[in-house]
Amino acid sequence: MEEKLEGKMSFEEALKELEAIVENLEKGDLTLDESINAFQRGIEISRYCSKKLDEVERKISILIENENGEIQEKEFTDADGL
Amino acid sequence: MENVLTVTSVNKYIKRIMAEDLILSDLLVKGEISNYKYHYSGHMYFTLKDENSTIKCVMFKSQCSLLKFAPENGMKVIIRGYVSVFERDGQYQLYAQEMQPDGLGSLYTAFEQLKERLRQEGLFDSKYKKPIPFLPRAIGVVTSSTGAVIRDIINITGRRFNNVHIKIFPVAVQGEGAAKQIADAIRKLNSLACVDVIIVARGGGSLEELWAFNEEIVARSIFESKIPVISAVGHETDFTIADFTADLRAPTPSAAAEIVVPEKAVLKSTIEVMRKRLKTALVKCLDQKKAEYEKLSKSSVFRQPYNKVYQERMKLDILNKYMQKAVNSNISKMRSEFSQLTGKLDALSPLAVLSRGYGVVRVKETGKIIRTVSGVKAGDLVEMQISDGSFECNVLNVKKG
């Protein structure tokens, strides 16, 4: 199930859905089955959100065009300007 | 014979005289443009006038191309140039080398003109503004690779969200060719499609220094960008054409860095809060259901299921008792009534009367009881009944009274 979330939902969308689930569950008018399903879905989405936050690696790179007009990416170092 | 000159040599002579004049060879003239013609050759022809006078003017292509703004009729300008003669027509005219709007600077005028033109074309329309991604994976930064701007952006994004990928596209941000470099960088980032958002940034500076961001090619490259563009040029009070065209204007480069990435710590705690609320809500929900169940299971229906039956049976018993009582009392009432009636019956019985010595007389023939003398006549055979039997008699005579 978590795999299905992958790529389909942006972090923002996931967070919005999580909020909606929490509010719905807090209202307390769901049946027992619905409550448990909502809880499971909520936990799943919260995990997905956490995962999204740590997905990307910290990287500073600089794009440099070579003589052929091709752009190459290399790590940005102090020598490049800092 | 006096010396006779050709028209050409006269005009040549005048031209030479004028060229030698120090004032005419370099002067500043102010006036209002009229009869403006931008010839297809690239030269501009117009008349400069004030209240009393006019002078013909020409500006050649090489100088025209340096103009930031577009001259137009009615515009008040200051022209630097020289006055010379156009020999063919024998007309003197002002050859403009430089021109700038009188009052406002030429850059300012150019800025206003381009802004108006692009606005009318719809480049600033809010319907074209793309949303800025909430959590970009990679951020393209088009700016100088040296200086405070890129350092600020790297530091601030890093502080807010430690694991974000920043791709710097180094460009000149002022001077000759800067605008083209900026526009090319935006286009290349689009064709590479390697970032989720682009920041176009430059630190503060004069209008001239920020000029590249007021150039049309930069505006067009921003407008055409499929990737959302945040402009962050100069200080909070500086507005550039790039700012109007961008999907979002950040007041400063640092502000752009704040806008482009959310604070990771805040997001983490938001998720944590959500998770806690989920758990609390579920526990509460389960408790509530349990309480409902317990309440139901404690209700008298489940506790004493036969209660109702007993109650009904008791009612039935009582009714039964009432019924019996009622029937009994009816019977005894009827019984006493019966004995009363038999008593009455006894009292009225003719047998009782007969036993006291009375008799009943009937006509033998008809069996009719004789109550009065009129019912009988002499000679009739009558039957006398007394208490223990009967006998027959002949009526001898009948007396009344």
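Residues numbered from 1 in each chain as written. Chains lettered and ligands numbered in written order. Predicted model: local features only at pLDDT ≥ 70, side-chain atom pairs only at ≥ 80, totals over all residues.

**With respect to the overall build of chain A**
Regarding its fold elements, chain A presents 3 helices and 2 strands. Secondary structure elements in chain A, listed N-terminal to C-terminal, are α-α-α-β-β. Every one of the 82 residues in chain A was classed for burial, and the buried ones make up 23%. For chain A, the proportion of contacts with a sequence separation of at least 24, taken over those separated by at least 6, is 40%. (Helix = DSSP H or I, 4+ residues; strand = E, 2+ residues; numbered from the N terminus. Buried ≥ 20, exposed ≤ 12 C-beta atoms within 10 Å, placed from the backbone. Contact = placed C-beta atoms within 7 Å.)

**A few points about the confidence of the model for chain B**
Reading fine detail from the predicted coordinates is not recommended where pLDDT is low. When pLDDT is averaged along chain B, the result is 89; 99% of the residues meet or exceed 70. The complex model carries a pTM of 0.63, and its ipTM stands at 0.80. (pLDDT = per-residue confidence, 0-100.)

**A look at the nonpolar core**
Judged by nonpolar contacts, the single largest core of 55 residues is most densely connected at Val141, Ile182, Ile186, Ile199 and Val200 of chain B. At 7 residues, helix α6 (residues 178–192) of chain B tops the list of elements feeding residues into this core. Residues within four places of Val141 of chain B in sequence aside, it is in contact with Ile150, Ile153, Ile166, Ile168, Phe169, Ile199 and Ala201 of chain B. Ala14 and Leu15 of chain A together with Leu267 and Cys285 of chain B belong to the second-largest nonpolar core, a separate cluster that totals 18 residues. (Core = buried A, V, L, I, M, F, W, Y, C linked by C-beta atoms within 7 Å.)

**Let's talk about helix α3 (residues 32–55) of chain A**
The end-to-end C-alpha distance of α3 of chain A, which contains 24 residues, comes to 35 Å, matching closely the 34 Å that a straight helix rising 1.5 Å per residue would cover. Buried residues of α3 of chain A: Ser35, Ala38, Phe39, Gly42, Ile45, Ser46, Tyr48, Cys49 and Lys52 of chain A, and no others. (Expected span 1.5 Å × (residues − 1).)

**Focus on the interface of chain A and chain B**
Quoted interface sizes are often the accessible area lost when the parts come together. Each side of the interface is counted separately: chain A has 35 residues, and chain B has 33 residues. Those elements that provide at least two residues to the side of chain A that touches chain B are α2 (11–27), α3, β1 (59–65) and β2 (71–75) of chain A. Ranked by residues supplied to the side of chain A that touches chain B, first place goes to α3 of chain A with 11 residues. Taken together, the residues that form the side of chain A that touches chain B break down as 17 nonpolar, 8 polar and 10 charged. (Nonpolar A, V, L, I, M, F, W, Y, C, P; charged D, E, K, R; others polar.)

**Quick word on the pairing of strand β12 (residues 381–386) of chain B**
Residues and elements named next belong to chain B. Pairing of strand β11 (residues 360–363) with β12 involves 4 bridges; the strand directions are antiparallel. Its bridge partner lying in β12, Val361 is registered against Met384. Once β12 ends, the chain turns through 2 residues before running back antiparallel as strand β13 (residues 389–394). (Pairing = 2+ DSSP bridges.)

**Some points on the sheet that holds β12 of chain B**
Residues and elements named next belong to chain B. Here 3 strands make up an open sheet; going across it, the order is β11-β12-β13 and the pairing antiparallel. The open sheet terminates on both sides in strands that have one partner only, identified here as β11 and β13. The average angle at which neighbouring strand axes cross in this sheet is 25°, direction not considered. (Axes fitted to C-alpha atoms, helices over the stretch in contact; angles between N-to-C directions.)

**Comments concerning the pairing of β1 of chain A**
Pairing analysis gives 4 bridges linking β1 of chain A to strand β7 (residues 165–170) of chain B, with the strands arranged parallel. By the bridge assignment, Ser61 of chain A is partnered in β7 of chain B with Lys167 of chain B.

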